[in-house]
Amino acid sequence: MRKIIVLNWVSLDGFIACNQGETDWFPWDSEIEDYYEERQGRADTAIFGKETYEVMSQYWPDPTRTISDRPGIIDFMNNATKIVFSTSLVKADWNNSRIVNAIDRSEVEGWKHSPGKDLLIYGSGTIVSQFSELRLIDEYALMLYPIVLGSGKPLFPNISERMKLNLISSRLFSCGSMLHTYSPEN
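The shown structure was predicted, so the numbers you read here are calculated from the model rather than taken from an experiment. (Residues numbered from 1 in each chain as written. Predicted model: local features only at pLDDT ≥ 70, side-chain atom pairs only at ≥ 80, totals over all residues. Heavy atoms only, no water.)

Draft legend 1. View of unusual backbone geometry. Not every positive phi belongs to a glycine, and Asn 96 is a case in point at roughly 65°. For Arg 135, which is not glycine, the phi torsion reads 60° and is therefore positive. The exposure class assigned to Arg 135 is partly exposed, which follows from its relative accessible area of 43%. (Buried < 20%, exposed > 50% of the residue type's maximum accessible area, 1.4 Å probe, protein only.)

Right, here's the structure in full:
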């Protein structure tokens, strides 16, 4: 069975982006690239909300993008299946993208039981919250960066109930970031 995995960076105070969506505060080095490339190698689908999709679809298709000559990361971002949750997005032109207007638990469960690799959620705190409340997420891979933003876009906006997670693993990166991987307690 495929897993739905949240793959996000987060500040010490729980934000995934600044107020205007800025993400220039997280360190990015070859060690982190290695992790992302390996993790993406076990997935074939990316899930986004509208805002994250719009940022990613403007960034990744740029043919001059080299990301330290990591063609595997570029290839995944441009060629993976992309599911965009939005009620206002009219079209999704980025390669292999499709728009879904609402989160339907049975449809998402169908994705998990269909052939293929894992599905990764990037950014998209609102989608993370909705999937979390429906108990659709199998794993949270959270890259904790040693920074306090003070305000911004939270990873878990609008969560109405407590959610207990179990630590699967932790990994310290040389830049000071810590990857914590959790599974939801059922």
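Draft legend 2. Representation of the sheet that holds strand E6 (residues 118-121) within the structure. Read from one edge to the other, the open sheet built from 8 strands follows the order E5-E4-E3-E6-E1-E7-E10-E9, with strand pairing classed as mixed. The strands lining the two open edges of the sheet, one partner per strand, are strand E5 (97-100) and strand E9 (165-172). When strand polarity is set aside, the average angle formed by the axes of neighbouring strands in this sheet is 25°. (Pairing = 2+ DSSP bridges. Helix = DSSP H or I, 4+ residues; strand = E, 2+ residues; numbered from the N terminus. Axes fitted to C-alpha atoms, helices over the stretch in contact; angles between N-to-C directions.)

Draft legend 3. Local environment of helix H3 (residues 71-79). Within H3, burial applies to Ile 73, Ile 74, Phe 76, Met 77 and Asn 78. Turning to H3, the residues buried within the fold contact helix H1 (30-40), strand E3 (43-49), helix H2 (50-59), strand E4 (81-85) and E6. (Contact = heavy atoms within 4.5 Å.)

Draft legend 4. Up close: the nonpolar core. With 31 residues, the main nonpolar core has Tyr 35, Tyr 36, Phe 48, Met 77, Tyr 122 and Met 143 as its most contacted residues. Looking at this core, the elements with two or more residues in it are strand E1 (4-11), H1, E3, H2, H3 and strand E7 (139-145). Counting residues in hydrophobic clusters, the runner-up holds 21 residues, among them Phe 85, Ile 127, Phe 131 and Leu 136. (Core = buried A, V, L, I, M, F, W, Y, C linked by side-chain atoms within 4.5 Å.)

Draft legend 5. Spotlight on the pairing of E1. Within E1, 8 of the 8 residues are buried, leaving the element largely enclosed by the surrounding structure. Along E1, one buried face is formed by Ile 4, Val 6, Asn 8 and Val 10 and the opposite face, lined by Ile 5, Leu 7, Trp 9 and Ser 11, is buried too. Direction of pairing for E1 relative to E6: parallel, over a ladder of 3 bridges. Residue pairing for E6: Val 6 is matched across the bridge by Ile 121. Pairing of E1 with E7 involves 7 bridges; the strand directions are parallel. Pairing of Val 10 across the sheet is with Leu 144, part of E7.

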